[in-house]
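Fold and geometry: a report
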Amino acid sequence: MNEPRPGFIVTLRRLLANAGALAANRVELASTELELGVNVLVRRLVWLVAALILGFVGLVFLSVFVLIAFWDSHRLLAAGLLLLVYAGAAAGAFLQARRLGRAAPGFMAGTVAELRRDAAALRG
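The written sequence of each chain sets the order in which its residues are numbered from 1. Restriction of local features to residues with pLDDT of at least 70 applies here, the model being predicted, together with a cutoff of 80 or more for giving and counting side-chain atom pairs; totals for whole chains, interfaces and linings are based on all residues. To get the side-chain values, take all heavy atoms of the structure and skip hydrogens and water.

Let's shift gears to the overall build of the protein chain. Starting at the N terminus, helices and strands are each numbered in turn, a helix being any DSSP run of H or I of at least four residues and a strand any DSSP run of E of at least two. Counting its secondary structure elements, the protein chain contains three helices and zero strands. Restricting the calculation to C-alpha atoms gives the radius of gyration, and the globule rule supplies 2.2 Å times the number of residues raised to the power 0.38. Taking 124 residues into account, the globule formula puts the C-alpha radius of gyration at 14 Å, and the protein chain, at 29 Å, lies well above it. Structurally, the protein chain occupies a C-alpha span of about 105 × 25 × 20 Å along its principal axes. Residue exposure (1.4 Å probe, protein chains only): buried if accessible area is under 20% of the type maximum, exposed if over 50%, otherwise partly exposed. Counting over 124 residues, the protein chain shows a buried share of 8%. Carbon and sulfur atoms make up 72% of the accessible area of the protein chain, which totals about 10800 Å². With 13 positive and 7 negative side-chain charges, the protein chain shows a spacing of 8 Å between the two charge centroids. All accessibility values rest on the Shrake-Rupley procedure with a 1.4 Å probe; residue burial counts only the protein chains present in the view. Asp and Glu count as negative and Lys and Arg as positive, but His and the ends of the chain are not part of the count. To locate a charge, take NZ of a lysine, CZ of an arginine, CG of an aspartate or CD of a glutamate.

Dropping the structure here:
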């Protein structure tokens, strides 16, 4: 009928066990999120490097083709226009990369949100 209440030491052990389990859960979440982020980043970097190399080779061949085509008549104009096109494309790519960097979610945002919820729950 009247069960004895657990002592202070037992309650403290339970509290520490729960806190340890909670911390282990959050560390596991953080490591999983970090592993997933690294895998996505590596795959993106591989494809980005391949695209950059192939794009660079293509631009070199395009530039050589345009310069050869206009060699006898307007080679300086052709070279100048190619320069303007490449500089404009580089500026556009830089602005796009900066915009994407600002719009990206924070690093390990899910883990940080869970830790904030845990802290709020502990405060009551």
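What follows continues from the structure just given.
Working definition: a ring pair exists when centres of Phe, Tyr or Trp rings (six-membered ring for Trp) sit within 6.5 Å. Plane angles under 30 degrees give stacked, over 60 give edge-to-face, the rest tilted. Summed over all chains, the structure comprises zero aromatic pairs. Sitting over the ring of tryptophan 71, arginine 75 keeps its end group 4.9 Å from the ring centre. The rule for a charge over a ring is simple: NZ of Lys or CZ of Arg within 6 Å of the ring centre, and within 35 degrees of the ring normal.

Now for a nonpolar patch on the surface. The patches described consist of residues with a relative accessible area above 30% and no salt bridge, like charges being joined within 9 Å and nonpolar side chains (Val, Leu, Ile, Met, Phe, Trp, Tyr) within 5 Å. Think of a salt bridge as a Lys or Arg side-chain nitrogen and an Asp or Glu carboxyl oxygen that are within 4 Å of each other. Taken together, the side chains of Val49, Ile53, Phe56, Val57, Val60, Phe61, Val64 and Ile68 make up a nonpolar region of the molecular surface, amounting to roughly 780 Å² of accessible area. Residue class for valine 60 comes out partly exposed when judged on its relative accessible area of 36%.

Now for the side chain of serine 63. Examined against the element boundaries, serine 63 turns out to sit in helix H1 (residues 8-69). One polar contact links the side chain of serine 63 to the main-chain carbonyl oxygen of leucine 59, over a distance of 2.8 Å. Should any heavy atoms of two residues lie within 4.5 Å, those residues are considered in contact. Among residues more than four places away in sequence, those in contact with serine 63 are Leu82 and Tyr86. As used in this structure description, the phrase polar contact means that two N or O atoms lie within 3.5 Å; if the pair is within protein, one of them must be able to donate a hydrogen and the other to accept it, and residues adjacent in sequence are counted only when both atoms belong to side chains.

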